[in-house]
Structure formats: C-alpha cells, structure tokens
Amino acid sequence: MYERFEPSDRVFVDREEYLDWMAEALERCKEKSVVLHLRGIGGIGKSSLLDHWKSTIEDTIHLDCERYTEFYDRLNVIAKGAVHLGVNLRRFDVLWQIRQRFVEGVEPVIEKGREWAKEVVMAIPFIGSLASIGSAIGAVGAKVSPKLKGRYGELGEWLQTRLGKDYMQQLLEILWKDPRRAEFLYLDALLEDLNKRKASERPIVFLMDHSERVDNETRRWRYRGRDITETELWYVFLSSLSNCVGVVASRQPLS
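Residues numbered from 1 in each chain as written. Predicted model: local features only at pLDDT ≥ 70, side-chain atom pairs only at ≥ 80, totals over all residues. Heavy atoms only, no water.

### Side note on helix α9 (residues 179-194)
End to end, α9 covers 23 Å across 16 residues, agreeing with the expected 22 Å (1.5 Å per residue, within 8%). Within α9, 13 of the 16 residues are buried, leaving the element largely enclosed by the surrounding structure. (Helix = DSSP H or I, 4+ residues; strand = E, 2+ residues; numbered from the N terminus. Expected span 1.5 Å × (residues − 1). Buried < 20%, exposed > 50% of the residue type's maximum accessible area, 1.4 Å probe, protein only.)

### Structural notes on the packing of helix α3 (residues 71-84) against α9
Direction vectors running N to C along α3 and α9 enclose 15 degrees, while the axes themselves pass 11 Å from each other. Here α9 runs roughly parallel to α3, going by the angle between their axes. Classified by chirality, the crossing of α9 by α3 is left-handed. Taken together, the residues of α9 that come into contact with α3 (itself represented by Phe71, Tyr72, Leu75, Ile78, Ala79 and Ala82) are Ala182, Glu183, Tyr186, Leu187, Leu190 and Leu194. Here the contact of α3 with α9 is composed, by residue class, of eleven nonpolar, no polar and one charged. (Axes fitted to C-alpha atoms, helices over the stretch in contact; angles between N-to-C directions. Parallel < 35°, antiparallel > 145°, perpendicular 65-115°, else oblique. Left-handed = near helix turned anticlockwise from the far one by under 90°. Contact = heavy atoms within 4.5 Å. Nonpolar A, V, L, I, M, F, W, Y, C, P; charged D, E, K, R; others polar.)

### Examining the pattern of salt bridges
One pass over the structure, following the stated rule, counts 20 salt bridges. When the shortest N-O distance is used, the salt bridge between Arg202 and Glu58 registers 3.4 Å. Placement of the pair is Arg202 in the loop between α9 and β4 (204-209) and Glu58 in the loop between α2 (46-56) and β3 (60-64), with a sequence separation of 144 residues. Here Lys177 makes a salt bridge to Glu173, at a shortest N to O gap of 3.2 Å. Placement of the pair is Lys177 and Glu173 together in helix α8 (residues 167-177), with a separation of four residues, close to one helical turn. Look at the salt bridges and you will find they share partners, linking Arg90, Arg91, Glu154 and Asp193 into a network. (Salt bridge = Lys/Arg side-chain N within 4 Å of Asp/Glu carboxyl O.)

### Some remarks on the packing of α3 against helix α10 (residues 230-238)
Look at α3 against α10: their axes get within 12 Å of each other, and the N-to-C directions meet at 20 degrees. Considered as vectors, α3 and α10 are oriented roughly parallel to each other. For α3 against α10, the interelement crossing comes out right-handed. Taking contact as the criterion, the partners of Phe71, Arg74, Leu75 and Ile78 in α3 are, on α10, Glu230, Leu233, Trp234 and Phe237. Here the residues of the contact of α3 with α10 are counted per class, giving six nonpolar, no polar and two charged.

Here you go:
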C-alpha cells in the first residue's frame, strides 16, 4: 500500500487567484494529483469559497472536520459522498460492514447504492457474542473466507496481496488488536476503489473544511519509516487520488 503514495508537488497556499487555481487544477488532475490549500484566519471566507465550489462543480464531496471529529466518521462521509456520485466501492463497503459488525457490534444500515455483502457479513459474529476473541478469530476467518470467493473474489485477492494467505484471520486480528494498521487498510481500500474510476469520467473535487480540527500533533501512524499525524495522513490520501482535486481549508499550515 505505502509505496504508491507520492506527495503532490502542487500545493497552493493562501487565496490569490483561487478561481484560476480550480480551473487549472481540474485540467491538471487528469495527469497528476493536485491538492489546493486555502489558509487564513477565521472569517476570511474559506468556507464560503468551498460552498461556492460545491454549488458550481458537479462532482464534489464535502467533509467538515469540525462536525466529524473521528477518523472513521470522516472516512465514512467520504465513502457516502463517493457512492452518491456513483462510485462502486467494491472493497471498502464490504470491509466497512465487517468492521461495524465485528468491532462496533452493530448491524450496518442498508443505504441506497451500498448493497451490503450479506452472505459474507452474516458469518461474522457480533463482538458481544464472543466468549474468547483469540480462540474465535481462526474459526470465524475459516468460515468467512470461502464466502469471499466468486462474487467477491476481487476483494479476497486484494486482501491476500496485503495480508497473506490467511487474510480473513489476519483482518480480524488487525481490527481487534492493531487499530492503526486497520485504519491504513481501510483508507487504502477507499483509495483503491476511487482510483478504479475511468480516466474519462469527470474529476471529483474533495472539499475538506476546518482541517485545523484534525490532530496535527499526535503521531500515530507509521509511514515510510517515520511517524505521521492524522493531518499528514489525509494529505497522503488526497495527493494519491487519480483524476481528483483535493482542497484543504484551514487556519494553519498543513504540517
């Protein structure tokens, strides 16, 4: 997963000529990732500019980091926005339901455009029903793996390249015991699904508002031999998208 991430060299700072920025970015993103950074004090008009782009550009996904304060909440907002635009999240949506059922202990809500892989997920027990998580993981994984073949074979192959032959057991272990690695995996699944879009499709513009609310101090993820913050993690994500423009609005520098 990590080797594919390459930071964009086109980071725009401040507000000058922002309309030209976007027009140029929508053309350049067809060949290379583009991230725009709107930085300035509160009340200067950053959110208004994002609202303008949201209302004038057809394919946009808006994430308010002030409203959505947790990593997985932010991830799901992006996923919902992508599905609304017609993106098929073949990897992310199945993994998302597995996480909800196994870790959160809740039945995922069926949403339009996100047809859940019921025959796969129903084999995953709720966390509350496990007497011993360690002894149960192997048995659950062996039961679920065959269900990923056929219709969901693409997901099984994708997981196997990242987690090895016993990928279901590994996935459940990671979800339960290694949350930082799990977050990378889910981010990678979403990125992979988004980048499967055809190059001829319209660019998607990701509008990330109030990004100063994202933790820029605590270094929780290991990336390319160094520890990074959630702010840096989202920049890695945005700068790895194909045929997309990322817009980050904040009161602070990106790093």
